[in-house]
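Structure assessment
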Amino acid sequence: MSYLDATEDLYKKAALTPDVGLCCTTTPVWKFPELEIPKIMLEMNYGCGSTVNPRDLVNNPKILYVGVGGGMELLQFSYFSRQKGGVTGIDIVDEMLDASKKNFKEAEELNPWFKSDFVDLKKGDALNLPVEDESIDVAAQNCLFNIFKLDDLKKALKEMYRVLKPHGRLVLSDPICDQDMPENLRNDDRLRALCLSGSIPLKDYIKMLTDVGFGTIEVRAKRPYRILDTNHYDTDENIMIESVEVCAIKDPIQEDGACVFTGKSAIYFGNEDFFDDKKGHVMMQNQPLAICDKTAGALADLNRDDIYISESTYHYDGGGCC
Ligand SMILES: C[S@@+](CC[C@H](N)C(=O)[O-])C[C@H]1O[C@@H](n2cnc3c(N)ncnc32)[C@H](O)[C@@H]1O
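Residues numbered from 1 in each chain as written. Predicted model: local features only at pLDDT ≥ 70, side-chain atom pairs only at ≥ 80, totals over all residues. Heavy atoms only, no water.

**Considerations on empty space enclosed by the protein**
For clarity, the threshold we go by: Points on a 1 Å grid over protein atoms alone make up a cavity when a 1.4 Å probe fits among them but cannot get out, and a pocket when they form an open set with protein on both sides within 12 Å along at least five of seven lines; lining residues each have an atom within 4 Å of a point. Grid points are joined across faces, edges and corners, and a volume is the space filled by probe spheres set on the points. When residues are sorted by character, Ala, Val, Leu, Ile, Met, Phe, Trp, Tyr, Cys and Pro go into the nonpolar class, Asp, Glu, Lys and Arg into the charged class, and all the rest, Gly among them, into the polar class.
Going through the model one piece at a time under the given rule, you end up with two cavities of 30 Å³ or more. Volume-wise, the largest cavity comes out at about 50 Å³. Lining the largest cavity we find 11 residues, and of these Pro-28, Val-29, Gly-49, Ser-50 and Met-72 sit closest to its centre. Its residues assigned to classes, the lining of the largest cavity comprises four nonpolar, six polar and one charged. Space inside the second largest cavity adds up to approximately 40 Å³. In terms of residue class, the lining of the second largest cavity is built from seven nonpolar, three polar and no charged.

**Overview of the packing of aromatic side chains**
The line we're drawing: For Phe, Tyr and Trp, where Trp contributes only its six-membered ring, two rings pair if their centres lie within 6.5 Å, and the inter-plane angle classes them as stacked under 30 degrees, edge-to-face over 60, or tilted in between. Strands are runs of DSSP state E lasting at least 2 residues, helices are runs of H or I lasting at least 4, and numbering of each runs from the N terminus.
Counted by the stated rule, this structure contains 14 aromatic pairs. Each ring, one from Phe-32 and one from Phe-80, has its centre 5.1 Å from the other, and the planes form 85°; the classification is edge-to-face. On the criterion of sequence distance, the pair formed by Phe-32 in the loop between α1 (3-16) and α2 (39-43) and Phe-80 in helix α3 (residues 72-81) is long-range, its members being 48 residues apart. The interplanar angle of 90° and the centroid separation of 5.3 Å between the aromatic rings of Tyr-79 and Trp-113 together place this pair among those described as edge-to-face.

**Regarding the sheet that holds strand β3 (residues 119-123)**
Keep this limit in mind: Each pair of strands is called paired provided DSSP finds at least two bridges between the two strands. Throughout, an axis means a line fitted to C-alpha atoms (over the contacting stretch in the case of helices), and angles, computed between N-to-C directions, take values from 0 to 180 degrees.
Read from one edge to the other, the open sheet built from eight strands follows the order β3-β2-β1-β4-β5-β7-β6-β8, with strand pairing classed as mixed. A strand with exactly one partner marks an edge of an open sheet, and here the two such strands are β3 and β8 (259-261). Each adjacent strand pair in this sheet contributes to an overall mean axis angle of 20°, direction not counted. Relative to strand β2 (residues 87-91), strand β1 (residues 63-66) runs parallel, the two sharing four bridges. Residue pairing across strands places Val-66 opposite Ile-90, the latter belonging to β2.

**Quick word on the environment of Asp-188**
Quick reminder of the rule: Classification of residues uses two cut-offs on accessible area relative to the type maximum, computed with a 1.4 Å probe and protein chains only: under 20% is buried, over 50% is exposed, and between them is partly exposed. Pairs of N or O atoms are called polar contacts if they sit within 3.5 Å, as long as, within protein, a hydrogen donor faces a hydrogen acceptor (for residues adjacent in sequence, only side-chain-to-side-chain pairs).
Counting through the fold element by element, Asp-188 comes out in the loop between α6 (183-186) and α7 (189-193). What makes Asp-188 partly exposed here is its relative accessible area of 30%. Once the C-alpha coordinates of Asp-188 and Tyr-3 are considered, the two residues, 185 residues apart in sequence, prove to be 8.5 Å apart. Of the polar contacts made by the side chain of Asp-188, one reaches the backbone nitrogen of Arg-190; its length is 3.1 Å.

**Quick word on a nonpolar patch on the surface**
Selection rule: Within this analysis, patches are made of residues with over 30% relative accessible area and no salt bridge. Like charges are joined at 9 Å or less; nonpolar side chains (Val, Leu, Ile, Met, Phe, Trp, Tyr) at 5 Å or less. We get accessible surface area from the Shrake-Rupley algorithm with a probe of 1.4 Å; when it comes to residues, only the shown protein chains can shield them. Throughout this description, the term salt bridge denotes a Lys or Arg side-chain nitrogen within 4 Å of a carboxyl oxygen of Asp or Glu.
A grouping of Phe-274, Val-282 and Met-284 is seen on the molecular surface, where their side chains present a nonpolar patch of about 280 Å² in accessible area. Locating Met-284 in the fold gives a position in strand β11 (residues 282-284).

**Examining the pairing of β2**
Put simply, the rule is: A clockwise path from the first strand over the helix to the second, with the strands pointing away from the viewer, defines a right-handed crossover.
Buried residues dominate β2, accounting for five of its five residues. Burial along β2 is two-sided: the residues Val-87, Gly-89 and Asp-91 and Thr-88 and Ile-90 are all buried. With respect to chirality, the unit in which β2 leads through helix α4 (residues 94-110) into the neighbouring parallel β3 is right-handed.

**As for a negative patch on the surface**
Put simply, the rule reads: Only four residue types enter the tally: Lys and Arg on the positive side, Asp and Glu on the negative side; His and the chain ends are excluded. Where a charge lies is defined by one atom per residue type, namely NZ (Lys), CZ (Arg), CG (Asp) and CD (Glu).
Taken together, Asp-180, Asp-234, Asp-236 and Glu-237 make up a surface patch of like negative charges. Secondary-structure assignment places Asp-236 in the loop between β6 (216-228) and β7 (239-249). In this structure Asp-236 comes out as exposed when scored by relative accessible area, which is 80%.

Here's what the structure looks like:
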């Protein structure tokens, strides 16, 4: 049995019998006026963060969600799109599609604004999406891609890139791990399917995103997720896994490289009213400016003693250069 079969098998079971602790997260569940999330969707919240952000959902976007789980985030996306077929949900596991369909019926009863046909459910594989080229504004995945081995992860990211319109957004939430994951854990198909041992370092994930062509990357959140400890797992040292929320935008990559925002800011505190680096960044005296890592590097190279550059917070929430 391949690791992909083992994954399908695990989520078939998780569809038939909800597993509350499967991918538990500290991220609060979005609450909006008149949005009532059915209990079963909360029990089947198999994500590790949130991919829903009102900032991405302007201008009536066409939304794609890959790996539907119990359907909670598709309901949250529907809250903003509110139209027939506004959200397409794709999953490879029949039982998960059936379970989410049932959950959407329940959501319809609890939410007068919601109709099941706001969500168009389709059987399909993240590695070969049944979706037309450049037809999607916002494509989301939560806690699925980390399961994929590197070649498959590359395929999955290329598929998301292919279906997005120019300037479209891939919003994702996934575990990452900046330590060396022991090979025995990495090769354990069940742990991988449980989103516990497939994760890669954040910088490698970002490089894979820029390698497929995304020109702007926003790291919006990073939180502790799990510890694989020496008592419970076959490892000599405790392994920390974190979960991240990232938005990758299908902007062209600039000549000097992609803009990667990891939550850095710069403050000019010199004697002039402002500082202009002549590359599009004007910093008003003692005002913070959100900057991408590339600009942070360029400003640091100036070796000035009147510009402060912060460390990455990994909680970028908009604004700034590029
Ligand atoms: C960890 S769950 C996450 C579910 C959902 N995103 C959430 O946040 O609750 C992974 C989901 O991906 C689906 N899945 C697994 N392999 C897949 C594949 N190759 N293509 C599409 N969906 C897949 C599973 O059936 C399951 O619904």
